[in-house]
Structure formats: C-alpha cells, structure tokens
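Take a look at the letters that make up each chain.
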Amino acid sequence: MMNRLFGKPKPETNALQTLDKLNETLEMLEKKEKVLLKKAGQEVEKAKEYTRSKNKRAAIQCLKRKRLYEQQVEQLGNFQLRIHDQMIMLEGAKATTETVDALRSGASAMKAMQKATNIDDVDKTMDEINEQTENMKQIQEALSTPIGAAAEFDEDELEAELEELEGAELEEQLLQPTTVLPSVPAGRQQARARPRHLEASSTIFISNNFFGERRERCKQSLRYTFVDFIITKRIVMSKKRGLSLEEKREKMLQIFYDSQDFFLLKELEKLGPKKGVISQSVKDVIQSLADDDLVAKDKIGISVYFWSLPSCASNQLRSVRQKLESDLQGSNKKLAELVDQCDALKKGREESEERTEALAQLQDIEKKHKELKNEMVQFADNDPATLEAMRAAIEVAHQSANRWTDNIFTLRQWCSNNFPQAKEQLEHLYTEAGITEDFDYLELSSFPLSSSSHDPETPKQLLVEDQA
C-alpha cells in the first residue's frame, strides 16, 4: 500500500539521480580532455626540442604520441555528445511525465465543470454567437474587399515574388564568405627561449586551431547544403508558381464533385488551399463559377450556401451539345440551299458549240477593247481635261514668276536707297546673278485650247515658249 501511495516520486528521484551521475561523468570527461590536450601540447614541445637537436626519430615519435592523444580527445568528444543526448532524452521524458500529470488534472477539472453546465443553454448561446459572428464577418468582408487598382492584383503572383525576394536574400547571406584567421605554423609559434608558464596556453591555442579548422570545414559544407536546398526550393516554387483562372475553377469544381455536399464560403476558403487555390481568390473563383451556372447558390437565413453536382454539369453540357447540333443543322440547311442555287445557275451553261463560239467572240471583243484603250492613251494629250489642267498650271507658274520679279525690283530699290555709294558693286552683282537691263515681267501668250486642234505638240510648244 505504501509503495502504491509513494510510487510516483520514485521515477523523478531516479531521473534526478541519473542526471546528476551524467553531469559528474561529463565533468570527468572534460577533465580528461584537458589533460590529454596538455599532454599533446607537451609532445609538441618535445618534438620541437628534438628538432632543434637534430633528433628526427625522437621528434617523429613525439608527433605520433600527439596524434594518439588527439584521437583520444576526439573519442572523448563523441562520449560527451552521447551523454548530452542522454541528458536531453531524460529531461524530455521528465517533462512529458509532468505534462501528462497536468493534463490529467485538467481533465478532472473539466469533468467537474461540465457537470455544472447545461448542454441546451450552450447550444442556444453558440447559435446566437455564430449568428452574430457571421453577420460581423459579412460586414468585414464587404469593407475589406479591394477596389480600384488593388482589386486587379494577383495574390499568387505577389506571394511568388515575395518568396523569390526571400530566397535571394537568404542566398546572399549564405554565400557571404566568412572571415577565417590563418593558422600560425608550428615552427613560428615560439622563439627559441620560451617561458615554461606559457606551455599550457600554447597547447590550448594549438588545440583550438585544430578544432577550428574542422569547424570551419563543417560550416562550409553546411553552407553548400543550404545553397543547394534554396536553389531546389526556388526551382520547385517556380514550377508551382500561380494557377491560372481556369485551373482554379477546375480545382474548386473538383471539391464539389468529390464531396457532393453544400458549403459555406468560409468552408470553401479553408478547402481551397488544400487544392492549391489561395483563400483570398476563392471568393472570386466561386463567383465566376456561379456566373457561368456551374455552381448554384442560395441564401438560407443569413448564410449563403454553394453546391454543384456532377449531374448539373452534365445537364449544362447536354444543353451546349443541343445548341451546337441545332447550329450544325442550320449550317447544313444553308449549305444545301447554296448547292441548289449553284445548280440553278449552271443550267443553260452546259458545254456546246454555241457556247464555245460565244466565248471566242467575247475574247475577241475584249482584245479589241484593250487595243482601243491603248490607242486612247496615245491621244491623251488632246484630251480637253488635260489641256485645261495644263492651262491652269501655266497661269499659276506665270503668277509666281511675276510675283518673284516684283520682289526682285523691290529688293533692288531698297538696296539703292540704303547703299547709294555701292551702286556700281550692286550693278555688278545683278549682272552676275542674271538680272540685266532687259529683265521685266512676263506676258502670257494666248493659244487655242479647243478640242478641235489636231496637233498634239502645239500646247506643249506654247508652254515651253511662255516659260522661256
């Protein structure tokens, strides 16, 4: 009976004793490690002394003993690691036992509290809370719905971009080189005359260099492992980046078809991420499915329920098929009408001698028409419209020439008034420019433009004379 009453504290006592014993063993191993490190340092000093005295064999023996001491130090390090592991396991077991006891006490208290609670009152209270919560959620959703340019942002693309930024930053941190101090060669650590009280510090310095190099190699390998992991993650995330709207619609429809049940919007927002559709876009996807009559919805009380059955999709596909078949029948009917019209137009156009002669006459007529058209092109210069256009062009050229002549006379008058002392120089410049004493306005000669003229060269010759 006493063992049953006081049986619980025994495991705790045993655990405490075991932890104390493990701590003592750990301290003993650490002391042994210090002693071995000191011995290794002494062997190094002996090897130096033998090297100075040219006793190579004895120096090699000292280095061998140093290697043995280092191996023992490494074994002691492994023993310490195992002891630490055992201590962590014992502490975890102790924490688990205490947690189970606390949970057992909590369960007892919960039973006592449930006895004082009426389930009907709880159901009524929860219904009221759910109703108020649903109303508040609808209000919050209406207020948190993005409008304007923010509504056009794709959450999948933003999350993918954020993951890329995080991955790039982590890569930069991992790829930064760590500063490692160079190790000092063994032959230059001390001068020839070295105080005896510095031997211990020299031994610790050598051991730290030895283990520091190993630690840096481990860090470097872990750094490469993390870089590979980040690169692999970025490749996988690039493959999983963002579903299209059509893929999201298929995923959400699959939820309805697999369960064949009715859902609230908040339930769909919880199920969407399991199919790869983020919760922020579930509402828009469901609304697009409802607009296309692929998902039905109805408001019952204050809640809106959504559902879609495979039979509904079959009915919709059946109606689409009927519409396509109706369009196909209409197209076939129109094709038959066009074939009938083509056959009707072919009547009276059967191959015969009369038709062949008529086609030959048509070709002759077309050939003659082409020859006459070419002949008309040769007499195009006597065309009244062409002559009228030439006359208008001559008038425009005549007016332009007289206008520039007037400008030249005005310029000469201005130069004479402002530079009277340079009259001879100005006259010389006028003569070089072709402005002589007979320079005057042009007079337009009249010529007949009637269509009765048979000389096609007459208007051109008159035009050349007037321009001259």
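Residues numbered from 1 in each chain as written. Predicted model: local features only at pLDDT ≥ 70, side-chain atom pairs only at ≥ 80, totals over all residues. Heavy atoms only, no water.

Naming follows an unreviewed UniProt entry, where the protein chain appears as Meiotic nuclear division protein 1 homolog of Brassica oleracea var. oleracea. Listed in UniProt under the heading Subcellular location (unreviewed entry), the comment for the protein chain reads: "Nucleus". (UniProt positions renumbered as here; feature names shortened; annotations may be inferred.)

### Examining the pattern of salt bridges
Close approach of charged atoms allows side chains of opposite charge to pair. Going through the model one piece at a time under the given rule, you end up with eleven salt bridges. Between K66 and E70 there is a salt bridge whose closest N-O contact spans 2.9 Å. Residue K66 and its partner E70 are both found in helix α3 (residues 56–115); the two are separated by four residues, about one turn of the helix. You'll find K66 and E70 in the same group, each marked buried. For D292, the salt bridge identified is with R249, shortest N-O distance 2.8 Å. Highlighted residues: D292 in the loop between α9 (279–291) and β2 (296–300) and R249 in helix α7 (residues 245–259), separated in sequence by 43 residues. Residue class for R249 comes out buried when judged on its relative accessible area of 11%. By sharing partners, the salt bridges in this structure join E246, R249 and D292 into a single network. (Salt bridge = Lys/Arg side-chain N within 4 Å of Asp/Glu carboxyl O. Helix = DSSP H or I, 4+ residues; strand = E, 2+ residues; numbered from the N terminus. Buried < 20%, exposed > 50% of the residue type's maximum accessible area, 1.4 Å probe, protein only.)

### Some words on α9
With 13 residues, α9 should reach 18 Å at 1.5 Å per residue; the first-to-last C-alpha distance of 19 Å fits that figure. Buried within α9 are the following residues: S281, V282, V285, I286, S288, L289 and A290. In the segment just after α9, D293 is the residue with positive phi, at about 60 degrees. (Expected span 1.5 Å × (residues − 1).)

### Observations concerning the sheet that holds strand β1 (residues 263–264)
Strand order in this open sheet of three strands is β1-β3-β2, and the pairing throughout is antiparallel. Because the sheet does not close on itself, it has two edges, and the strands there are β1 and β2. With five bridges joining them, β2 and strand β3 (residues 303–307) adopt antiparallel strand pairing. By the bridge assignment, K297 is partnered in β3 with F306. (Pairing = 2+ DSSP bridges.)

### A closer look at the nonpolar core
Core analysis: the largest hydrophobic core is formed by 15 residues, its most contacted members being M252, F256, L268, I286, L289 and F306. Beyond its immediate sequence surroundings of up to four residues, L289 is in contact with R249, M252, L253, L294 and V295. (Core = buried A, V, L, I, M, F, W, Y, C linked by side-chain atoms within 4.5 Å. Contact = heavy atoms within 4.5 Å.)

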